[in-house]
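Close look at the chain arrangement
Take a look at the letters that make up each chain.
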Amino acid sequence: MKSLEDLKKMREEAKKRVELREGGKDYRVVVGMATCGIAAGARPVLNALVEETARGDYNCTITQTGCIGMCTLEPIVEVYDKNGDKTTYCHVNPEKAVEILRQHIKKGEIVTQYTVAAYQK
Amino acid sequence: MQDLAMMMLDIANNSLRAGAKTIIIRLLEDEKKDRLGLSIEDDGCGMDEETLQRASDPFYTSRTTRKIGLGLAFFKGLSEQCEGNFTLRSKPGKGTLAAIEIRRSHWDAPPLGNIAESLAALIQANPAVNLDFQYQKNEHDFVFQTEAVKQILEDVPLNDPEILLWLKEYIDQQMQSIEKEGETYEITGRS
């Protein structure tokens, strides 16, 4: 059973980690977390992104936003690169989310088949 | 919305958007009285009387990206579905309280769902906000306050992925143990 006391032990290591991670990130990964997103399963997607970034070293921050305006395509994940260019992924699930991190963030390759553009074709 | 945890996250997201500094969430299960309650209270910007009247109308929203707003409508709908009641109180500049209380054993009463994951998502969304959560089942309760966690962590941010995962697992374990203790009570309570 975990206790809050255990957090103290994690603190020093976390401090070092945070210092290492300081500085600009190349990517910003944004999850739509409005009513439409939540109902469609955005929360497990966010959780998968957090879990994966805790495990591996990813050059990105994970943030949340409200409704993106395409409710039927939720869960939506947007990836902004450092130039501000945006890739929008739709109907994301936890497995796809991890794939997006591993391919797009790690290797810089867009997972074309999960994008809105591919879906709307 | 499949479960209560998702609704909790959705309603509390309203609080975040209202610029709340503190969000108080109470989840209460009382098997003797057969009640299940969930309340979300914040110190955000609040609503004026007119907005308040329309807030749970599915065709009203304060946002501009779309014309419907289902969060509070779902919340209210659930209470109507499960022999419950719905409370929505708000004062501009003071904050808002949204709460439901339903019959726990009702056919349409949703499962609690993954409360820990919803709380983690809230912390992730804005770690600066103080989250004050209490889960009570019968006579047992579990309290989780991000303020206490922040004191322990000093300047380590709560949304650090590893810390966040730890917090989620911690909340999950505590919730499960309360649920179990609640069951023990149920058995002895019958004899």
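A few points on the structure. (Residues numbered from 1 in each chain as written. Chains lettered and ligands numbered in written order. Predicted model: local features only at pLDDT ≥ 70, side-chain atom pairs only at ≥ 80, totals over all residues. Heavy atoms only, no water.)

Assigned secondary structure in chain A consists of five helices and four strands. Counting helices and strands in the order they occur from the N terminus, chain A gives α-β-α-α-β-β-β-α-α. A principal-axis box enclosing the C-alpha atoms of chain A has dimensions of 50 × 30 × 20 Å. In chain A, which comprises 121 residues, the proportion classed as buried is 47%. Pairs at least 24 residues apart make up 63% of the contacts formed inside chain A by residues separated by at least 6 positions. Side chains of chain A carry 19 positive and 17 negative charges; the gap between the two charge centres is 2 Å. (Helix = DSSP H or I, 4+ residues; strand = E, 2+ residues; numbered from the N terminus. Buried < 20%, exposed > 50% of the residue type's maximum accessible area, 1.4 Å probe, protein only. Contact = heavy atoms within 4.5 Å. Lys, Arg positive; Asp, Glu negative; His and termini not counted. Charge placed at Lys NZ, Arg CZ, Asp CG, Glu CD.)

This part takes up the state of the cysteines. A full pass over the atoms with the stated rule returns zero disulfides over all chains. C36 of chain A takes part in no disulfide bond, and the closest cysteine sulfur, belonging to C71 of chain A, lies 3.7 Å away. Here C36 of chain A falls in the buried class, since its relative accessible area comes to 14%. Free cysteine: C45 of chain B, not disulfide-bonded; nearest cysteine sulfur from C67 of chain A at 19 Å. (Disulfide = S-S within 2.5 Å.)

All names here are of chain B. The strand order across the open sheet built from six strands is β3-β4-β2-β1-β5-β6, with neighbouring strands paired in mixed fashion. Bordering the open sheet on either side are β3 (85-91) and β6 (140-145), each of which pairs with just one other strand. If you compare each strand with its neighbour and ignore which way they point, the axes differ by 5° on average. Relative to strand β4 (residues 95-103), β3 runs antiparallel, the two sharing seven bridges. Along β4, the bridge assignment pairs F86 with I100. Sheet strands touched by helix α3 (residues 71-81): β2 (35-42), β3 and β4. Its angle to β4, the strand with the most contacts, is close to 30°. With respect to the sheet, helix α4 (residues 115-125) is in contact with β1 (22-30), β5 (130-137) and β6, its orientation differing from that of β5 by roughly 170°. (Pairing = 2+ DSSP bridges. Axes fitted to C-alpha atoms, helices over the stretch in contact; angles between N-to-C directions.)

Our next topic: the packing of aromatic side chains. Residue and element names in this part refer to chain B. Tallying each qualifying case throughout the model produces five aromatic pairs over all chains. Plain terms: the ring middles of F133 and F142 are 6.4 Å apart, the flat faces sit at 65° to each other, and that makes the pair edge-to-face. Here F133 matches F142 in class, with each residue buried. By relative accessible area, F142 is classed as buried at 4%. An aromatic cluster is built from F133, F142, F144, W166 and Y170, whose rings are joined through pairwise contacts. (Phe/Tyr/Trp six-rings, centres within 6.5 Å; stacked < 30°, edge-to-face > 60°.)

In this assembly, 40 residues from chain B lie in contact with 35 residues from chain A. When chain B packs against chain A, the two sides together hide about 3500 Å² of surface, and 62% of this comes from carbon and sulfur. When the area that chain B buries against chain A is broken down by residue, the three leading residues are I152, E162 and W166 of chain B, summing to 20%. The interface formed by chain B and chain A holds six salt bridges in total. (Buried area = accessible area lost by both parts, 1.4 Å probe. Salt bridge = Lys/Arg side-chain N within 4 Å of Asp/Glu carboxyl O.)

One pass over the full model with this rule turns up two cavities of 30 Å³ or more. If you trace the largest cavity, you find it lined by R43, L46, N47 and V50 of chain A together with E117, A120, A121, Q124, L164, L165 and K168 of chain B. Contributions of two or more residues to the lining of the largest cavity are made by α3 (42-55) of chain A together with α4 and α6 (161-190) of chain B. Counted by class, the lining of the largest cavity contains six nonpolar, two polar and three charged residues. In this structure, the second largest cavity spans a volume of roughly 40 Å³. (1 Å grid on protein atoms, 1.4 Å probe; cavity = no way out; pocket = protein on both sides within 12 Å on 5 of 7 lines; lining within 4 Å. Points joined across faces, edges and corners; volume = space filled by probe spheres on them. Nonpolar A, V, L, I, M, F, W, Y, C, P; charged D, E, K, R; others polar.)

All names here are of chain B. Counting buried residues along β5, seven of its eight residues qualify, which places the element largely inside the surrounding structure. Where β1 lies against β5, eight bridges are found, and the strand directions are parallel. Each residue of the ladder has a partner; that of T22, found in β5, is N130. Here β5 pairs with β6 via six bridges, running antiparallel. Residue pairing in the sheet places K137 in a bridge with H140 of β6.

Moving on, we get to the sheet that holds strand β2 (residues 60-65) of chain A. Residues and elements named next belong to chain A. Taking strand neighbours across the sheet as the criterion, the four strands line up as β2-β1-β3-β4 in an open arrangement whose pairing is mixed. Strand pairing shows two members of the sheet lacking a second neighbour, β2 and β4 (86-89), which therefore form its edges. Looking at each pair of strands side by side, their axes are set apart by 20° on average, direction ignored. Note that strand β3 (residues 77-80) and β4 share four bridges and pair antiparallel. Paired with V79 across the two strands is T87, which belongs to β4.

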